[in-house]
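Structural description and commentary
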Amino acid sequence: MIMVALGLGTKRHWHIFIAIIAGAIVGAWWPYNALHPSFAHQTFDIIGQVFIRLIAMLAIPLIISSLTIGISSLGDGRQLGKIGGKTLFLFLLGMFIASGIAAAVGYYTQPGLRFPHELIVGSGITPLLSGDIKPIEGFKDLLLNHLIPQNPFGSLAQRDLVPVIVFTVIFGAALGSIGDTARPVVAFFEAVFAATMKVVDWVMIFAVLGIFSLTFTAVSHEGIQLLTHMLPFMGAVVFALLMMILVVYPIALFVLARVNFMDLYRAISEAILVGFGTASSSATLPVTLACMERRGGVSNRIASFVLPAGVSMNMNGTTMFEVISVMFLAQLYGIPLPMQTIFTIMLLAIMASIGAAGVPSAGMITMSLILNGIGGFRPEQVAAGLSLLWAVDRILDMCRTTLNVMDDCVVAVIVAAGEGELNRELLSAGESWDEVI
Ligand code: ASP
C-alpha cells in the first residue's frame, strides 16, 4: 500500500518525516545559546520563517478561489439546489458534531494543563496572519466589526479573514444564481486556484528544508522535551479523529444510507492512504473521485459535485484540530473557557475550516481567525503558542487530512443513497473492484 502512495509522488512526504526526525535529533543535540547564537541557528531560523511565509502568502488567494468555485458550483437549478442543500446540510452537521466532540475531548483531557508552563515562552517563530487581537464585545460588535465587511478589500488588506469569507460566500452564491453570465468570473477563479496550487507545489519542493529548519529551531530553542510534552495534545487530537472514524461515520452510514462502513473504508483505502501521505485533500481528489465511482458505487453526477465541494468546504478533521488547538492554547495561557467561549470556538472553527484550502498546513493558517475572534491572547502568546503547534503540525496534518478525505466520501454515499444513485452491489463486491490508480 505504501508503494501505491510512493508511486503517486508522495515520496516527498517520507522525506519530510525524516526531516522532522533529523531536525529533532540535531536540535536536541545542539541547543540554542541565546547569548551567542550560532550562524547555523540563525540561518535555519530564517529559512523556517521564509518557508512559513511562502505558505501563508497563498492563504488568501486559495481561500477566495476555492470557496468561490465551491459555492458557485451549487448553481441555481432546482435539482442542483436540492442536492446542494442536502450536501450543505450534511457538511454543516458533520462539522458541528466534529466540533462538539473535539470540544468535549479538549475539555475533559485538558491538554494545555499537562504542558509545563516554563517551556512556553520565548520561541523564535512568529505567527501568521495573526493581525491585531481584538476581543469581541457583544453581538453588535461581532456582527458589525467582525463578520460583515464594510469594504472586503479593506478586510483583505488587514488580513481579516472572517469578513472576507462572508463576502466570498455571498458573492459565490450570486455567481451560482446568474447562470452562464458568471462563467468568465468562475473561470477566472478556477485559473487563480490552479495557479496558486502550482505555487503550493513549488513551495513544497522546499518543504524538507523548511520543516527541518522549523523542527530544528523549535527543538534547539525548547529541547526535545517539547515534543514529548506535546504528546497529551497530540493524543487528544488523534483520539477525537478516531471517534469520528469508528463511531460517528459508522452510525451515520448505517442510519442514513444502510451502508456498512467497512465496505466504504475498503473502497476508499487508496484515497485514505494518499490523503495521509500528502496531507492535502485537494491533491487527493482525483484518487477520491476514482475510488468513489469505480468502487464506492456513487454515480458520477453526485461524486463530481459532492467531492470537489467537500474538498473546499467540508473538513471535519481540520475543525477538530482547530477546536482542540485553541482550547490547548487557552488552557496553556490561563484564558478562561466558559461554555459561551467554547461555543464561539466551535462556530469559528467551523468557519475557519470551511475557509481552509485542502493543502498542507492550511488549518494552521486559518486558525488565526479563531484566535482573533475569541481574543484574550497577547501577541507574544499567539507567537509562542503557534510555534509549539507548528512543531507538531505535520504529523497531525496527515491525520486530520485523512479524516477530511473520509468525510467527503461519507457525505457522497449518503446523498447518493437518498437520490437512488448508489450502486450497492458494486460497493459490497470487493473482489470485483477495478484498480483505481
Ligand atoms: N491539510 C488539510 C487538508 O488538505 C487542511 C488542513 O491543514 O487542515 O485537508
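Residues numbered from 1 in each chain as written. Predicted model: local features only at pLDDT ≥ 70, side-chain atom pairs only at ≥ 80, totals over all residues. Heavy atoms only, no water.

Moving on, we come to the overall build of the protein chain. For the protein chain, the helix and strand inventory stands at 20 helices and zero strands. When burial is assessed residue by residue, the protein chain has 57% of its 437 residues classed as buried. Considering only intrachain contacts with a sequence separation of at least 6, the fraction spanning at least 24 residues in the protein chain is 85%. Approximately 18,300 Å² of the protein chain is accessible, and the part contributed by carbon and sulfur atoms is 69%. (Helix = DSSP H or I, 4+ residues; strand = E, 2+ residues; numbered from the N terminus. Buried < 20%, exposed > 50% of the residue type's maximum accessible area, 1.4 Å probe, protein only. Contact = heavy atoms within 4.5 Å. Areas by Shrake-Rupley, 256 points an atom, 1.4 Å probe, with all protein chains shown as cover.)

For helix H19 (residues 379-418), which comprises 40 residues, the first-to-last C-alpha distance of 48 Å sits more than 12% below the rise-based estimate of 58 Å (1.5 Å per residue). Along H19, the largest kink reaches about 60° and is centred on Asp393. By the criterion of burial, H19 is predominantly enclosed, with 36 of the 40 residues buried. Positioned one or two residues after H19, Gly420 has a phi angle of 70°, which is positive. (Expected span 1.5 Å × (residues − 1). Bend = angle between axes of the 7 residues up to and from the residue.)

All right, on to the side chain of Thr168 then. Secondary-structure assignment places Thr168 in helix H7 (residues 161-177). Looking at Thr168, its side chain comes within polar contact range of the main-chain oxygen of Val164, at 2.6 Å. Dropping the residues within four chain positions of it, Thr168 is found in contact with Ile64, Leu67 and Thr68. (Polar contact = N/O pair within 3.5 Å; in protein donor to acceptor, adjacent residues only side chain to side chain.)

Once that is clear, we can look at the pattern of salt bridges. A side chain of one charge can pair with a side chain of the opposite charge if their charged atoms are brought near each other. What the rule picks out here adds up to seven salt bridges. Across the pair Glu419 and Lys82 runs a salt bridge whose closest N-O atoms are separated by 3.5 Å. With Glu419 in the loop between H19 and helix H20 (424-427) and Lys82 in helix H4 (residues 78-109), this pair connects stretches of sequence that are 337 residues apart. With relative accessibility at 45%, the residue Lys82 sits in the partly exposed group. Asp393 is the salt-bridge partner of Arg400, the closest N and O atoms lying 2.9 Å from each other. Grouping residues by exposure puts Arg400 and Asp393 together as buried. The network of salt bridges with shared partners includes Lys82, Lys86 and Glu419. (Salt bridge = Lys/Arg side-chain N within 4 Å of Asp/Glu carboxyl O.)

With that settled, consider the packing of aromatic side chains. Per the counting criterion, the structure on display carries 13 aromatic pairs. Plain terms: the ring middles of Phe44 and Phe216 are 5.3 Å apart, the flat faces sit at 70° to each other, and that makes the pair edge-to-face. With Phe44 in helix H2 (residues 39-56) and Phe216 in helix H9 (residues 207-222), this residue pair connects regions lying 172 residues apart in the sequence. One aromatic cluster in this structure is built from Trp29, Trp30, Phe44, Phe212 and Phe216. Directly above the aromatic system of Phe254 lies the positively charged group of Arg258, at a separation of 4.8 Å from the ring centroid. Between the NZ or CZ atom of Arg400 and the centre of the ring of Phe321, over which it lies, the distance is 4.0 Å. (Phe/Tyr/Trp six-rings, centres within 6.5 Å; stacked < 30°, edge-to-face > 60°. Lys NZ or Arg CZ within 6 Å of the ring centre and 35° of its normal.)

All right, on to unusual backbone geometry then. Of note, Gln110 is a non-glycine position whose phi angle comes to about 45°, a positive value. By secondary structure assignment, the location of Gln110 is in the loop between H4 and helix H5 (138-147). Its identity is not glycine, yet Ser361 carries a phi of approximately 65°, on the positive side. Positionally, Ser361 belongs in the loop between helix H17 (339-355) and helix H18 (362-374).

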